[in-house]
Amino acid sequence: MYQRFQELMNKIADLNYAAAVLMWDQETYMPIKGEKYRSQQIATLSGLSHDLFTSKEMLEMIEVLRSDESINSTQKLNVLETAKVLDKKKKLSTAFVIEMSKTVSNTFSSWQNAKQTNDTDSYLTQLEKLVLLKRQEADMLGFTNHPYDALIDEYEPGMTVAELDALFSEVKIKMTELLVKINKTPQVNDDCLRQHFDKEKQWKLGLELLKRMGYDFDAGRQDISSHPFTTSFSPQDVRVTTRIAENDIANMIWSCIHEGGHALYEQGLPEDQYGLPAAEAVSLGVHESQSRLWENNVGRQLPFWMANYPFLQKTFPEQLSKISLSDFYKAMNKVEPSLIRTESDEITYHFHIIIRYEIEKKLIEGSLKVKDVKQAWNSMYKDYMGIDIVDDRNGMLQDVHWSHGSFGYFPTYSLGSFYAAQYFAKACQDIPELESEIEKGNNQLLLDWLRKNIHTHGKRYSASELCNLITGENLSLDFFMKYANKKYGDIYGF
Ligand code: CO
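Each chain has its residues counted from 1, following the order in which its sequence is written. Restriction of local features to residues with pLDDT of at least 70 applies here, the model being predicted, together with a cutoff of 80 or more for giving and counting side-chain atom pairs; totals for whole chains, interfaces and linings are based on all residues. Computation of side-chain values: all heavy atoms of the structure, hydrogens and water removed.

Trainee: Mind showing me how you'd approach the nonpolar core here?
Mentor: Only buried residues count toward a nonpolar core. Its members are Ala, Val, Leu, Ile, Met, Phe, Trp, Tyr and Cys residues joined through side-chain atoms within 4.5 Å. Burial status follows relative accessibility: with a 1.4 Å probe on protein chains alone, a residue under 20% of its type maximum counts as buried, one over 50% as exposed, and anything between as partly exposed. By size, the foremost hydrophobic cluster in this structure holds 123 residues, and its most contacted members are Ile-253, Trp-294, Trp-305, Leu-312, Ile-359, Leu-446 and Phe-480. Looking at this core element by element, the count peaks at ten residues for helix H10 (residues 249-267). Contact between two residues is taken to exist if any of their heavy atoms lie within 4.5 Å; hydrogens are not considered. If we ignore the near neighbours within four places in the chain, the residues touching Phe-480 are Met-175, Glu-346, Ile-347, His-350, Ser-417, Phe-418 and Ala-421. Grouped together as the second largest cluster of nonpolar side chains are 15 residues, Phe-53, Ile-62, Val-79 and Ala-83 included. By definition, any uninterrupted DSSP run of H or I lasting at least four residues is a helix, any uninterrupted run of E lasting at least two residues is a strand, and each is numbered from the N terminus.

Trainee: Just to check I follow, could you spell out the pairing of strand S2 (residues 230-234) for this structure?
Mentor: One face of the sheet, then the other: side chains in a regular strand alternate in exactly this way. Burial analysis of S2 places four of its five residues in the buried class, which makes it a mostly covered element. DSSP calls a pair of strands paired once it identifies at least 2 bridges connecting them. A loop of two residues connects S2 with strand S3 (residues 237-242), the two strands running antiparallel in sequence.

Trainee: Looking at this model, I keep getting lost on the coordination of the cobalt ion. Mind explaining?
Mentor: Each donor-metal-donor angle in an ideal tetrahedron of four donors is 109.5 degrees, and each such angle in an ideal octahedron of six donors is either 90 or 180 degrees. Looking at the metal site, the cobalt ion is ligated by His-258 (NE2), His-262 (NE2) and Glu-288 (OE), spaced 2.1 to 2.3 Å from it. Donor residues for the cobalt ion, ordered by position in the chain, follow H-x3-H-x25-E. Placement of the pair is His-262 in helix H10 and Glu-288 in helix H11 (residues 284-298), with a sequence separation of 26 residues. On the basis of relative accessible area, Glu-288 is assigned to the buried category, the value being 6%. For Na, K and Ca the donor cut-off is 3.2 Å, and for all other metals it is 2.8 Å, counting N, O and S atoms only; because water is absent from this set, sites may look incomplete.

Trainee: How do you make sense of the pattern of salt bridges when you look at a structure like this?
Mentor: Salt bridge, as used here, is a side-chain nitrogen of Lys or Arg placed within 4 Å of a carboxyl oxygen of Asp or Glu. One pass over the structure, following the stated rule, counts 35 salt bridges. When the shortest N-O distance is used, the salt bridge between Lys-172 and Glu-358 registers 3.2 Å. Highlighted residues: Lys-172 in helix H8 (residues 161-183) and Glu-358 in helix H15 (residues 349-365), separated in sequence by 186 residues. For Glu-280, the salt bridge goes to Lys-459, with nearest N and O atoms at 3.5 Å. In this pair, Glu-280 is assigned in the loop between H10 and H11 and Lys-459 in the loop between helix H19 (444-453) and helix H20 (463-471), connecting sequence segments 179 residues apart. Bridged by salt links that share partners, the residues Asp-190, Arg-194, Asp-248, Lys-334 and Glu-336 form one connected network.

Quick look at the structure:
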């Protein structure tokens, strides 16, 4: 029977990945008029996949297989993880799912409209309906301590408000201390990154960086889109996109390395488990740990640029030949409170996340009204970073997440950074020559380590089990703070 289960799961995956190809095309090459039938095409495939997944045959098979003692441990994992998803689906009525999908789609259009017109009030009226449904969803899914726990579970299984509250209160104290120290010293100059950098040359540079990281171009490709993303159709076809700003080379370089990190994870998932949980990522937090590790712990560090800066200078001699590696390094690590999350530095980034986390947690528990979100947002930006919001487009309207109904998603970004620091510290401990090899341009040792310790496991372990297995302890902020204090102490001289 397991074989039939696997066949069915493969069919479902085929439909989902075919829909993913259409979505990838929508963001990259589709002509504007293609929009008319594209949403319908994607919806048809998703509907077919949903029908197969919730079919009587599947439900009956799962009931038998979940107590089948003859299947091996990987098969057991696939059955139990699938059962978990199905149990969750069963808790939401069809009427509720339809209502949710309509409300999400209306809220998304209202958000798009608000971004154009700055009409925040109509957006908030719409968002209120969505928040009400999300609160109902949390109740239907069930939780022990906090309704938000039920929603986080979708993105970071096992994570709870209790754990996040403890973590983020520590983050707030320690990052504020670090920021105060940084603010007392003269600011670094990052003008060298904001010169004119030819588009075509940047494109080639991005491809070269991906190649040097170990990204397999026979199992993927890079294209341009307005928001960079990674998407996978199997470990043998993992696509990345980037964007290029001619007046800011930082934009392309670090988003390219970031997506490259996500893609290396996807390319390293076990191919023989195609379509099954054993070939899926652990969680969004762990996925983000892979992108952040490459972007920050590798890509914003000296060893990596000792290997790659000469090539960069050769590509842009006019702009960079007179800029020393040390100045380039400082420029890429400038810390400064700013309005936009996606453009912020490694330290203030976490304030952007904490603000969103606190707001959405309160919305879901009902202690903050949707109409007061703007005021809460603006006052927290002032309190945490000393920033005045003059325009909601650069304030509470900047992210798409809430209008998509993604409540519980934001914390995974911060978790990713902290997991990354902890994993990278362990990799350096396991491989003493790791950084000196990266300095020589050899990134293979790191990639091999990530493949062996993280990628090949798929969903075999939960995020916290994996962390304990690899590092011998729970997720701890200490690794990130140690890394950040050393790095910014050197750069800012304290
Ligand atoms: Co990411």
